[in-house]
Amino acid sequence: MAAISREYIVRHLRSHDIRYDRVYEIPDSYIVAEQKITPIMHHYLVTPSSYRYICTRIGLKKKSLISPDQYNRLLNMELSQIIRFIGESGYHEEVHMLSSAYSDIELIEHALTENLAKTYRSILSIAPGALQELAEQYFSRWDIENVMLILRGCQFHIPGDRIRAVLIPAGVLSPSHLDHLLTLRSIQEIADNLSSWPHHEIVSARISGGYRRGLFASLENDLYLAYYGNLLTDARFGIRGGDVILPHLRFEIDILNIRNIFRLRAGSTVSDITPFMVTGGYMNPEDFQRLYGVTDRETFVNELSRAGILSILTEALKNLRCDENVCEADAADVVWRRWAAHKTPLYTVMLSVNAMLLHHLDGLARRHQFSVLPIISYLEHKRYEIANLRAIARGKQFGVNPDFIRQHLVM
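Owing to the predicted nature of the structure, the values given are computational and were not obtained by experimental measurement.

Student: Please clarify how the overall build of the chain should be interpreted in this entry.
Tutor: When you go through the chain residue by residue, the secondary structure sums to 21 helices and 5 strands. Buried residues in the chain amount to 48% of all 411 residues. Accessible surface computed for the chain: about 20,600 Å², of which carbon and sulfur atoms make up 52%.

Structure follows, in structure tokens:
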């Protein structure tokens, strides 16, 4: 390819508000572009400096998140003191704006939700090019969660305010769109008002026959299969720099499949579970199918150990109990009792697994400091901060023991 003058490329980019995807420097102040220059909607040039800017800014924001010591203090506060604490911290604007309309727990709920939505949108709005695209795709899974909550709430006549309090407005569906969906009176209307959503066809096809038992479970499964399939494909082949997120996605998929296999065993008599397993993790669907059919303890423990699941659950139990002496035999006993009784995993154990997943993401973000990983890591920490504050506030509202609340925090 013929060499192109650096000055010409820079002048062209600035005048047309476009980016180049990959640029390599060569001697004598010339550069060649490997991919075609293409128009985009962003107002940022995708350069090393723009990556450094956003990732450095993210690092500073991450330091301002609530620390474990602050959580311990919050656990010993009254509800009024918690409101004052968040009103004097990063939630000042939301608490001040909403204090005339709400009070007590409602003020906390609405302030946290408003702040979370604002944080996600402000971070993604300044992320350049591929960073923004990949982060938006990753967090679009919260659209699935929100849509499923709204569909279930509509079908079972749950008040809109109760549903709104647990929504996580972190995907591509805006808070105003979610609010509109909450006003609709049937699941068919909700499906019709999702025509611009990438997964609209899946929802429309499933809803078309009306509600029947098992509808929402099968719909949710289809949505997550499509979500992870698209995200893995784009991370591998479609988005520059997407490959750095693959180790985290594979670990995340394994954790999701572990949850699903317990749920399937607890709530159904399905013989072939492979259609419900998300592909792309470190474990194959066939591994889970083999585990699903196990009925004796020794084989069950051996399968968990061979697949690497037992070591994950052991570490989670160790963190949950704050006891370094917890061993694989202890974890095997806890898990086997749930499995033999056809029950789902202990909620607190899975929360501890989520914390491990978060720390795994942090480790990858430190290794790839100028990638999409620091953005995802920060926003995931922010989401858990919101969830932790909600758990503390709700626990205080009902007089729950602080030690019990602490078990339900992800730190």
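Okay, back to it.
Student: Hey, could you run me through the environment of serine 305 in this one?
Tutor: Relative to the elements of secondary structure, serine 305 occurs in helix 16 (residues 297-307). For the pair serine 305 and alanine 332, spaced 27 residues apart in the sequence, the C-alpha separation amounts to 9.2 Å.

Student: Looking at this structure, how should I read the side chain of aspartate 254?
Tutor: Relative to the assigned elements, aspartate 254 resides in helix 14 (residues 246-267). Despite its burial, aspartate 254 remains without a salt bridge, the nearest opposite charge being carried by arginine 250 at 6.7 Å. A distance of 3.2 Å separates a polar side-chain atom of aspartate 254 from the backbone nitrogen of tyrosine 282. Filtering out sequence-adjacent residues up to four positions away, aspartate 254 remains in contact with Gly281, Tyr282, Met283 and Phe288.

Student: I tried to follow the packing of helix 19 (residues 347-367) against helix 20 (residues 373-397) on my own but got confused; where do I start?
Tutor: Any two packed helices are characterised by the angle at which their axes cross and by the distance between the axes. The geometry of helix 19 relative to helix 20 is characterised by a closest axis approach of 8 Å and an angle of 150 degrees between their N-to-C directions. The angle between the axes of helix 19 and helix 20 places the two elements in the roughly antiparallel class. The element helix 19 and its partner helix 20 pack so that their crossing is left-handed. Between helix 19 and helix 20, the contacting residues are Asn354, Leu358, Leu361, Asp362, Leu364 and Ala365 on the first element and Leu373, Pro374, Ile376, Ser377, Glu380, His381 and Tyr384 on the second. A breakdown of the residues in the contact of helix 19 with helix 20 according to their chemical character gives 8 nonpolar, 3 polar and 2 charged.

Student: Is there a simple way to explain the pattern of salt bridges in this structure?
Tutor: Oppositely charged side chains can pair when the atoms bearing their charge come close. Under the criterion given, the structure shown has 19 salt bridges. Across the salt bridge formed by glutamate 303 and arginine 306, the nearest N and O atoms sit 3.6 Å from each other. A residue pair is termed a helical-turn pair when its members lie 3 or 4 positions apart in one helix, as glutamate 303 and arginine 306 do in helix 16 at 3 residues. The buried category is assigned to glutamate 303, whose relative accessible area is 14%.

Student: Teacher, can you tell me more about unusual backbone geometry here?
Tutor: Across the chain, the bulk of peptide bonds are trans and the bulk of non-glycine residues have phi less than zero. A positive phi angle, near 55 degrees, is found at cysteine 322, a position not held by glycine. Along the chain, cysteine 322 falls in the loop between helix 17 (309-321) and helix 18 (328-340). The phi angle at histidine 342 is positive, at roughly 55 degrees, despite the residue not being glycine.

Student: In this structure, what is going on with the packing of helix 14 against helix 15 (residues 285-292)? I would like to understand it.
Tutor: Closest axis-to-axis distance for the helix 14/helix 15 pair is 11 Å, and the angle between their directions is 30 degrees. Viewed along their axes, helix 14 and helix 15 adopt a mutual orientation that is roughly parallel. Between helix 14 and helix 15 the crossing geometry is right-handed. On the side of helix 14, the interface is formed by Asp254, Asn257, Ile258, Ile261, Leu264 and Arg265, while helix 15 contributes Phe288, Leu291 and Tyr292. When grouped by side-chain class, the residues that make up the contact of helix 14 with helix 15 number 6 nonpolar, 1 polar and 2 charged.

Student: What should I look at first to understand the packing of aromatic side chains in this one?
Tutor: Aromatic ring pairs are described here by two measures, namely the spacing of the ring centres and the angle between the planes. Counted according to the given criterion, the structure contains 9 aromatic pairs. Considering the side-chain rings of phenylalanine 262 and tryptophan 339, the 5.1 Å spacing of their centres and the 80 degrees angle between planes classify their relative orientation as edge-to-face. In this pair, phenylalanine 262 is assigned in helix 14 and tryptophan 339 in helix 18, connecting sequence segments 77 residues apart. Each member of the pair, phenylalanine 262 as well as tryptophan 339, carries the same accessibility label: buried. Seen in terms of ring centroids, phenylalanine 300 and tryptophan 336 are 5.3 Å apart; in terms of plane orientation they differ by 55 degrees. Their pairing is tilted. You can see phenylalanine 300 sitting in helix 16 and its partner tryptophan 336 sitting in helix 18, a full 36 residues away along the chain. Across the pair, exposure class does not vary: phenylalanine 300 and tryptophan 336 are buried alike. Here the aromatic cluster, defined as three or more aromatic residues joined through ring pairs, consists of Phe262, Phe300, Trp336 and Trp339. One residue, arginine 383, lies across the ring of tyrosine 384, its end atom 4.3 Å from the ring centre.

Student: Could you clarify how one ought to interpret a nonpolar patch on the surface in this entry?
Tutor: Among the surface-exposed residues, Phe156, Ile158 and Tyr211 lie close enough to one another that they form a single nonpolar patch of about 280 Å² accessible area. By secondary structure assignment, the location of tyrosine 211 is in the loop between helix 12 (200-207) and helix 13 (215-238).

What counts and how
- Residues numbered from 1 in each chain as written.
- Predicted model: local features only at pLDDT ≥ 70, side-chain atom pairs only at ≥ 80, totals over all residues.
- Heavy atoms only, no water.
- Helix = DSSP H or I, 4+ residues; strand = E, 2+ residues; numbered from the N terminus.
- Buried < 20%, exposed > 50% of the residue type's maximum accessible area, 1.4 Å probe, protein only.
- Areas by Shrake-Rupley, 256 points an atom, 1.4 Å probe, with all protein chains shown as cover.
- Lys, Arg positive; Asp, Glu negative; His and termini not counted.
- Salt bridge = Lys/Arg side-chain N within 4 Å of Asp/Glu carboxyl O.
- Polar contact = N/O pair within 3.5 Å; in protein donor to acceptor, adjacent residues only side chain to side chain.
- Contact = heavy atoms within 4.5 Å.
- Axes fitted to C-alpha atoms, helices over the stretch in contact; angles between N-to-C directions.
- Parallel < 35°, antiparallel > 145°, perpendicular 65-115°, else oblique.
- Left-handed = near helix turned anticlockwise from the far one by under 90°.
- Nonpolar A, V, L, I, M, F, W, Y, C, P; charged D, E, K, R; others polar.
- Phe/Tyr/Trp six-rings, centres within 6.5 Å; stacked < 30°, edge-to-face > 60°.
- Lys NZ or Arg CZ within 6 Å of the ring centre and 35° of its normal.
- Patch = residues over 30% accessible without salt bridge, like charges linked within 9 Å, V, L, I, M, F, W, Y side chains within 5 Å.

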